[in-house]
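Below, each chain spelled out in residue letters.
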Amino acid sequence: MEHAAGINPDRNGTPIRLVVVDDHALFRKGVSQLLTMYDDIEVVAEAATGTEGIEAVLTHRPDVALIDLHMKGLDGISVLRALKTAGSATRLVMLTVSDSSFDVMEALNAGASGYLLKDMEPGEFYMKLRQVAAGGTVLSAAVGGVLARPQPPSKQTLNEHWASLTVREQETLELVSKGASNKIVARALGIAESTVKVHVKHVLQKLNLRNRFEAAAWLRELREDERHKA
């Protein structure tokens, strides 16, 4: 069979050595099978857990490791940090379904060399692997715009800000994020409408937000983070 690509001339005939870390066997093996199409990529190991992934990278010392973000047990960010702490020179790329700005920035801040989404076209995926192996930082087009926007607060900051709200302010934010008016919030909480306005004002000030729409988006990000941790 004629393969889809020849040896990368920039590497003097040496294939890009790669490890795939993903807890979904079907996807993990599918990626490995896909990459057999290319003569200049060699999958040297697969790992089904974060712990196995760390061991595989430290043992095989590949050029690139593809790491799933949300895995049971040790997640992708923890794997990335552990490998960086261990002094690994492998280029670490997150491969995930999540296009959350928080996940993107957390991965890049932790030292990832790339952040790719699992719905990429095979040809684009292959080119991204070549780019990262050559020393570049790669992002899927869908998440590339994150870097052009102001950096969002970290997940730790999100939790700290939530904890800074009083119970009544948290209840108010929960209702406001669902589109409830001040009158409806007042009725639901059994307080005066003027008190609701004060709570909303305090929530916006504490979270450094400008309006109810931003508050609703902020709470969605917090809930998304909580679902990922569950």
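Residues numbered from 1 in each chain as written. Predicted model: local features only at pLDDT ≥ 70, side-chain atom pairs only at ≥ 80, totals over all residues. Heavy atoms only, no water.

Chemist: Which parts of the structure should I look at to understand the overall build of the protein?
Modeler: Check the secondary structure of the protein and you find 11 helices and 6 strands. By the burial criterion, 43% of the 230 residues in the protein qualify as buried. Sequence-distant contacts in the protein: of pairs separated by 6 or more residues, those separated by 24 or more amount to 67%. About 12,000 Å² of surface is accessible on the protein, with carbon and sulfur atoms providing 52% of the total. (Helix = DSSP H or I, 4+ residues; strand = E, 2+ residues; numbered from the N terminus. Buried < 20%, exposed > 50% of the residue type's maximum accessible area, 1.4 Å probe, protein only. Contact = heavy atoms within 4.5 Å. Areas by Shrake-Rupley, 256 points an atom, 1.4 Å probe, with all protein chains shown as cover.)

Chemist: Could you clarify how one ought to interpret helix α4 (residues 101-109) in this entry?
Modeler: Owing to its 3.6 residues per turn, the α-helix brings residues three or four apart onto one side. The element α4 is extensively covered by neighbouring structure, given that 7 of its 9 residues are classed as buried. The complete set of buried residues in α4 reads S101, F102, D103, V104, M105, A107 and L108. The positive-phi residue at the C-terminal boundary of α4 is G111, with phi of around 110°.

Chemist: Can you help me understand the environment of L58 in this one?
Modeler: With respect to the helices, strands and loops of the structure, L58 is situated in helix α2 (residues 50-60). Each C-alpha atom of the pair L58 and A86 lies 8.3 Å from the other, and the pair is 28 residues apart in sequence. Contact partners of L58, with chain neighbours within four places excluded, come to L83, A86 and S88.

Chemist: In this structure, what is going on with the pairing of strand β5 (residues 114-117)? I would like to understand it.
Modeler: Taken residue by residue, a regular strand's side chains alternate between the two faces of the sheet. Side chains G114 and L116 of β5 all project onto a buried face; the interleaved residues Y115 and L117 project onto the opposite face, where all are buried too. Where strand β4 (residues 91-96) and β5 come together, 4 bridges link them in parallel fashion. Its bridge partner being in β5, T96 is matched across the sheet by L117. Regarding the hand of the β-α-β motif, the stretch spanning β4, α4 and β5 is right-handed. When β5 meets strand β6 (residues 138-139), the two strands line up parallel, connected through 2 bridges. Its bridge partner lying in β6, G114 is registered against V138. (Pairing = 2+ DSSP bridges. Right-handed = clockwise from strand over helix to strand, strands pointing away.)

Chemist: What's the story with the packing of aromatic side chains in this structure? I'm lost.
Modeler: Both the distance between ring centres and the angle between the ring planes are used here to describe each pair of aromatic rings. Per the stated rule, a full pass over the model turns up 2 aromatic pairs. When the centroid spacing of 3.9 Å and the interplanar angle of 5° are considered together, the rings of Y38 and Y126 count as stacked. A residue pair is termed long-range when its members are at least 10 positions apart, and Y38 in the loop between α1 (25-35) and β2 (41-47) and Y126 in helix α5 (residues 122-133) qualify at 88 residues. The two residues Y38 and Y126 agree in class, both being buried. With centroids separated by 6.5 Å and ring planes inclined at 25°, the aromatic side chains of W162 and W218 adopt a geometry described as stacked. With W162 in helix α7 (residues 155-164) and W218 in helix α11 (residues 212-229), this residue pair connects regions lying 56 residues apart in the sequence. On the accessibility criterion, W218 (7% relative accessible area) is buried. (Phe/Tyr/Trp six-rings, centres within 6.5 Å; stacked < 30°, edge-to-face > 60°.)

Chemist: Any chance you could explain the pattern of salt bridges here in plain terms?
Modeler: Pairing is possible between side chains of opposite charge, provided their charged atoms come close. Scanning all chains against the criterion turns up 8 salt bridges. D68 is paired through a salt bridge with K118; the nearest N and O atoms lie 3.4 Å apart. Linking D68 in the loop between β3 (64-67) and α3 (76-85) with K118 in the loop between β5 and α5, this pair joins segments that are 50 residues apart in sequence. You can call K118 partly exposed: its relative accessible area is 22%. The residue K206 makes a salt bridge to E169 at a minimum N-O spacing of 2.9 Å. In this pair, K206 is assigned in helix α10 (residues 193-207) and E169 in helix α8 (residues 167-176), connecting sequence segments 37 residues apart. (Salt bridge = Lys/Arg side-chain N within 4 Å of Asp/Glu carboxyl O.)

Chemist: Looking at this structure, I do not really get the nonpolar core. What am I missing?
Modeler: In this structure, V19, I67, L83, M94 and Y115 are the most contacted members of the largest nonpolar core, which totals 26 residues. Not counting chain neighbours up to four residues away, the residues in contact with I67 comprise V21, G76, V79, L83, L92, V93, M94 and L95. L158, A180, V185 and V196 belong to the second-largest nonpolar core, a separate cluster that totals 20 residues. (Core = buried A, V, L, I, M, F, W, Y, C linked by side-chain atoms within 4.5 Å.)

Chemist: Mind showing me how you'd approach the confidence of the model for the protein here?
Modeler: The predicted coordinates ought not to be read in detail in places where the model reports low pLDDT. Taken over all residues, the pLDDT of the protein has a mean of 85, while the share at 70 or more is 86%. Every residue in residues 1-9 scores below 50 in pLDDT, and together they form 22 contacts with partners more than four places removed in sequence or on other chains. (pLDDT = per-residue confidence, 0-100.)

Chemist: Whenever I open this one, α2 confuses me. Can you help?
Modeler: All of the buried residues in α2 are G50, G53, I54, A56 and V57. Mapping the buried residues of α2 onto a view down its axis gives an arc of 165°, with all of them on the same face. Turned more than 90 degrees from where α2 packs its buried face, T51, E55 and T59 sit exposed. Its buried side turned inward, α2 meets β1 (16-21), β2, β3 and α3. Positive phi appears at R61, one or two residues downstream of α2, with a value of about 50°. (Arc of directions from axis to C-beta.)

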